[in-house]
Amino acid sequence: MATAIYLEHYLDSIENLPCELQRNFTLMRDLDNRTEEKKGEIDKLAEEYVVKVKNLASEQRVEHLQKIQNAYSKCKEFSDDKVQLAMQTYEMVDKHIRRLDADLARFENELKEKLEMSGYESTEGRAVKQAETRGLREKRASRGRARKGSDEDSPKKKKIKNSPDLSDALLPMQPSDVLDMPVDPNEPTYCLCHQVSYGEMIGCDNPDCPIEWFHFACVDLASKPKGKWFCPRCTQDKKKK
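Given the structure is predicted, the values throughout are model-derived calculations rather than measurements.

**A few points about the overall build of the protein**
Part 1 of the argument: On a plain count of helices and strands, the protein comes out with 7 helices and 2 strands.
Part 2 of the argument: In the protein, which comprises 241 residues, the proportion classed as buried is 31%.
Part 3 of the argument: A sequence separation of at least 24 residues applies to 65% of the contacts in the protein between residues at least 6 apart.
Part 4 of the argument: Accessible surface for the protein amounts to roughly 16400 Å². Of this, 52% is attributable to carbon and sulfur atoms.

As structure tokens, then:
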């Protein structure tokens, strides 16, 4: 009876999950389309610049190149937004899986306690206990999770620009929640703390940075800084040069 009630409550808790996932996927598709449109605009601007560059004055060249730069910046914003949205979508599903894992662990402990209190430790009783415990562990193991994508292009989060659609879709994430969960051994690590990606992250603008991505808290950031940002290690190396 208790199992049936738990199952009913759990199904109620994930009732809206498919709609939320569909909404996020739609937003990501929209970001893809906007990025492709902007890339087409960049191609046209570049072709126009190549054709007219000889006849343009110095100021006109700078103005034209600035338009191309602005278009690239907009593309990057769309890409950052999509990465952030993808990570939040992953977390949206993962929190339900973590809850299920925790409940399974609790049920396993309760089962052990009941068997120990019953004092039924005959050969047959031990066999039943081991079979039930092994079954629960196999269920927990079957719920292992791995993020999609390669290590090189794995999602890394930056602070997203506020927008009516995206800000409603993104969920707040607590670093402690991510650090407390089991870590996939194949999950890449980042930052000075050598932890997996979570929360707000920022990329070092040095293309040769060995670490590349950093958690805001680890580099004493509360928000995304304007302009280029270099990590403490790269900043120190630049001073030495």
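**Considering the pattern of salt bridges**
Part 1 of the argument: Scanning all chains against the criterion turns up 13 salt bridges.
Part 2 of the argument: A salt bridge links glutamate 48 to lysine 52; its shortest N-O distance comes to 3.5 Å. On the criterion of helical spacing, the pair formed by glutamate 48 and lysine 52 is a turn pair, its members being 4 residues apart in helix 2 (residues 17-52).
Part 3 of the argument: Overall, the relative accessible area of 35% leaves glutamate 48 in the partly exposed class.

**Quick word on the packing of helix 2 against helix 3 (residues 58-118)**
Part 1 of the argument: Two elements in contact, helix 2 and helix 3, have axes separated by 9 Å at closest approach and are oriented at 165°. Comparing the axis directions of helix 2 and helix 3 gives the class roughly antiparallel. Taken as a pair, helix 2 and helix 3 cross one another with a handedness that is left-handed.
Part 2 of the argument: Its residues placed into classes, the contact of helix 2 with helix 3 shows 20 nonpolar, 5 polar and 12 charged.

**Concerning the packing of aromatic side chains**
Part 1 of the argument: A complete count under the given rule lists 1 aromatic pair for this structure.
Part 2 of the argument: Aromatic pair phenylalanine 214 and tryptophan 229: ring centres 5.7 Å apart, planes at 70°, arrangement edge-to-face. Taken together, the positions of phenylalanine 214 in strand 2 (residues 213-215) and tryptophan 229 in the loop between strand 2 and helix 7 (232-240) put the pair 15 residues apart, joining distant regions of the chain. A single burial state applies to phenylalanine 214 and to tryptophan 229, both of which are buried.
Part 3 of the argument: Over the face of the ring belonging to phenylalanine 230 we find lysine 238, whose NZ or CZ atom lies 4.1 Å from the ring centre.

**A short note on the environment of tyrosine 190**
Part 1 of the argument: Of note, tyrosine 190 is situated in the loop between helix 6 (175-180) and strand 1 (201-203).
Part 2 of the argument: Take tyrosine 190: its relative accessible area is 6%, and that puts it in the buried class.
Part 3 of the argument: For the pair tyrosine 190 and tryptophan 213, spaced 23 residues apart in sequence, the C-alpha to C-alpha distance is 5.8 Å.

**A few points about helix 2**
Part 1 of the argument: The end-to-end C-alpha distance of helix 2 is 53 Å, a good match for the 52 Å that 36 residues give at a rise of 1.5 Å each.
Part 2 of the argument: Along helix 2, the residues classified as buried are Leu17, Leu21, Asn24, Leu27, Met28, Leu31, Thr35, Lys38, Ile42, Leu45 and Tyr49.

**Looking at unusual backbone geometry**
Part 1 of the argument: Positioned with a positive phi, cysteine 191 is a non-glycine residue whose angle comes to about 70°.
Part 2 of the argument: Structurally, the position occupied by cysteine 191 is in the loop between helix 6 and strand 1.

**Details of the nonpolar core**
Part 1 of the argument: Counting 14 residues, the largest nonpolar core has Cys204, Cys209, Phe214, Trp229 and Cys231 as the members making the most contacts within it.
Part 2 of the argument: Where this core is concerned, the elements lending two or more residues are strand 1 and strand 2.
Part 3 of the argument: Aside from chain neighbours lying at most four places away, what touches phenylalanine 214 is Cys191, Leu192, Glu200, Met201, Ile202, Cys204, Cys209, Val219, Trp229 and Cys231.

**Overview of the environment of glutamate 91**
Part 1 of the argument: As for its position among the elements, glutamate 91 is in helix 3.
Part 2 of the argument: The class for glutamate 91 is buried, based on a relative accessible area of 9%.
Part 3 of the argument: Residues glutamate 91 and tyrosine 198 lie 107 residues apart in sequence; the distance between their C-alpha atoms is 9.5 Å.

**A closer look at the confidence of the model for the protein**
Part 1 of the argument: Across the protein, pLDDT averages 76, with 70% of residues at or above 70.
Part 2 of the argument: Low pLDDT, under 50, characterises residues 141-179; the stretch is placed with 88 contacts to residues that sit more than four places away or in other chains.

**Quick notes on the environment of threonine 89**
Part 1 of the argument: Checked against the element boundaries, threonine 89 lands in helix 3.
Part 2 of the argument: The exposure class of threonine 89 is buried, given its relative accessible area of 5%.
Part 3 of the argument: Sequence spacing of threonine 89 and glutamate 20 is 69 residues, and the spatial spacing of their C-alpha atoms is 8.6 Å.
Part 4 of the argument: Leave out the neighbours within four places in its chain, and threonine 89 touches Leu21, Asn24, Phe25 and Met28.
Part 5 of the argument: Here the side chain of threonine 89 touches asparagine 24 through a polar contact of 2.9 Å, side chain to side chain.

Cut-off values and rules
Residue numbers restart at each chain and count upward from 1, following the sequence in its written direction. For this predicted model, a pLDDT threshold of at least 70 governs which residues receive local features, and a threshold of 80 or more governs which side-chain atom pairs are given and counted, while totals over whole chains, interfaces and linings are taken from all residues. The basis for every side-chain value is the complete set of heavy atoms in the structure, and neither hydrogens nor water enter the calculation. Only runs of H or I of at least four residues qualify as helices and only runs of E of at least two qualify as strands under DSSP, and these elements are numbered from the N terminus. Think of it in three bands: residues with accessible area under 20% of the maximum for their type are buried, residues over 50% are exposed, and the middle band is partly exposed, with areas taken using a 1.4 Å probe on protein chains only. Pairs of residues are marked as contacts when any of their non-hydrogen atoms sit within 4.5 Å. Accessibility throughout is a Shrake-Rupley quantity obtained with a 1.4 Å probe, and a residue counts as covered only by protein chains that appear here. The salt bridge criterion pairs a side-chain nitrogen of Lys or Arg with a carboxyl oxygen of Asp or Glu, the two atoms within 4 Å. Axes, fitted as lines to C-alpha atoms, cover a helix only where it is in contact. Angles between the N-to-C directions of the axes lie from 0 to 180 degrees. Should an angle fall under 35 degrees it is taken as roughly parallel, and over 145 as roughly antiparallel, whereas 65 to 115 is taken as roughly perpendicular and any remaining angle as oblique. In this scheme, a crossing is called left-handed if the near helix is turned counterclockwise away from the far one by less than a right angle; it is called right-handed if the turn is clockwise. Amino acids outside the nonpolar list (Ala, Val, Leu, Ile, Met, Phe, Trp, Tyr, Cys, Pro) and the charged list (Asp, Glu, Lys, Arg) are all regarded as polar, and Gly is one of them. A pair of aromatic rings is counted whenever rings of Phe, Tyr or Trp (Trp by its six-membered ring) have centres within 6.5 Å, and the orientation is called stacked for planes under 30 degrees apart, edge-to-face for over 60 and tilted otherwise. Whether a charge lies above a ring is judged from NZ of Lys or CZ of Arg, which has to be within 6 Å of the ring centre and within 35 degrees of the ring normal. Multiplying 1.5 Å by the helix residue count minus one yields the expected span of that helix. Each nonpolar core is a collection of buried residues, namely Ala, Val, Leu, Ile, Met, Phe, Trp, Tyr and Cys, held together in the definition by side-chain atoms within 4.5 Å. Here pLDDT means the predictor's own confidence in every residue, given as a number from 0 to 100. In the analysis that follows, any N or O atom pair within 3.5 Å is treated as a polar contact, provided that within protein one partner can donate a hydrogen and the other can accept it, and provided that, for residues neighboring in sequence, both atoms belong to side chains.

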